[in-house]
Amino acid sequence: LTFAKHCDQGMIPNRFPEQAKEPEYNTVDASLWFFWAVHKFLEYTGDYDFVETHILDCLEEIIQYYINGTRYGIKMDRDGLISTAEADVQLTWMDAKVGEWIVTPRNGKAVEVNALWYNALKIMETICDKFGLKYKNECAHLAHLTKKSYDLVFWHEAGGYLYDCVNEDGVDRSIRPNQIFALSLPFRLISREKEKRVLEVVGRELLTPYGLRTLSPKDRDYRGTYSGDQRTRDASYHQGTVWPWLLGHFITAYLNVYGRTKNMKEEAKRFLTPLTGHLREAGLGTISEIVDGDPPYHPRGAISQAWSVAEILRVYKEELQ
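This section reports on the structure supplied with the text. Residue numbers restart at each chain and count upward from 1, following the sequence in its written direction. Given that the model is predicted, a residue must reach a pLDDT of at least 70 before its local features are reported, and side-chain atom pairs must reach 80 or more before they are shown or counted; all residues, however, enter totals for whole chains, interfaces and linings. Only hydrogens and water are set aside when side-chain values are computed; all heavy atoms of the structure are taken into account.

### Comments concerning helix α5 (residues 135-154)
So, point 1. The numbering of helices and of strands both runs from the N terminus, where a helix is a DSSP run of H or I of at least 4 residues and a strand a run of E of at least 2. Helices are assigned an expected span. That span is 1.5 Å times one less than the residue count. Look at α5: 28 Å from first C-alpha to last across 20 residues, which is about the 28 Å you get at 1.5 Å a residue.
So, point 2. Per-residue accessibility, obtained with a 1.4 Å probe over protein chains only, is compared with the maximum for each type, and a residue is labelled buried under 20%, exposed over 50%, and partly exposed between these values. Along α5, the residues that are buried comprise Tyr135, Cys139, Leu142, Ala143, Thr146, Ser149, Tyr150 and Phe154. The buried residues of α5 occupy an angular sector of 145 degrees when the element is viewed end-on, so they sit on one face. In α5, the exposed residues that point more than 90 degrees away from the buried face are Asn137, His141, His144, Lys148 and Leu152. Summarising the geometry, the arc corresponds to the directions from the helix axis toward the C-beta atoms.

### Comments concerning the pattern of salt bridges
So, point 1. In what follows, salt bridge is the name for a side-chain nitrogen of Lys or Arg lying within 4 Å of a carboxyl oxygen of Asp or Glu. The tally for this structure, following the rule as stated, stands at 24 salt bridges.
So, point 2. A salt bridge links Glu200 to Arg204; the shortest N-O distance between them is 3.8 Å. Here Arg204 and Glu200 lie together in helix α7 (residues 192-205), a separation of 4 residues that amounts to about one turn.
So, point 3. Given a relative accessible area of 53%, Glu200 falls into the exposed group.
So, point 4. Several salt bridges converge on common partners, so that one network encompasses Lys40, Glu43, Glu311, Arg314 and Glu318.

### As for the sheet that holds strand β5 (residues 109-110)
So, point 1. Spatially, β5-β8-β9 is the arrangement adopted by the 3 strands of the open sheet, whose pairing is antiparallel. Unpaired on one side and paired on the other, β5 and β9 (170-172) mark the two borders of the sheet.
So, point 2. Strands are labelled as partners when DSSP assigns at least two bridges between them. Alignment of β5 against strand β8 (residues 165-167), held across 2 bridges, turns out to be antiparallel. Among the inter-strand pairings, Ala110 is bridged to a residue of β8, identified as Cys165.

This is how it looks when you write it as structure tokens:
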């Protein structure tokens, strides 16, 4: 409710500064994750009355601004995909910036942003159907266009995975974990056969005992250790460093692709086993923000981070119990 009240030009704040300062709106994905949050809220509570009264207008505002354009050149292209236009601003979760140096440039059409966009449209379509709203038809049409374009634009046939980002300069073939959201979100975008190939690549190149690396070790820009001064740490933050929160979506994707039989759930549980040891090695009883990409996978960053804890709890409760 708080985030909905602060929606501005279709953008959800990514930060509320202290001392009653204005919220900050410098992210392309927060507004789209908001749809996922609403979807989860309805999944657990079924409280459509609350959504209709307090949230629905915000959801429609987000979609309309993302179609027509909002801050930072965030706008839907003719192919139905969302693009960003300001190359000097980091708008995805991989947002490390040192002075004027953007460590992980992802301007243009990002793979997870458009997976989230498709899900936002499908979630809105579902909600509108519940309320008998004609806006359902527009969302359904755009979702169809987005899904068709997504496969055409992001699929890397020779590599068997999804491009990380696409813009006027070409495609980014970096093997990163952002593609996993095309498989883990409620509404998926590519064929089952392609999903299996993506899982194989992500599992081979990025999966570690504590989460997913942010970049393949085979990449020339890979950095396997998060240490040193601020500049050195920021340079590796999304360039190989492992993030435990991504493990939740990897497990959901794994079960989406291979099914939720008893045997497959037992198989998926093994992905969480190393974390039981981690609970006793950094912040006691909790999960660290990040981990080195190279063995022995030293925990780094904050000793307890909301993303890490919440995603592991979510996937354990929803998928593995």
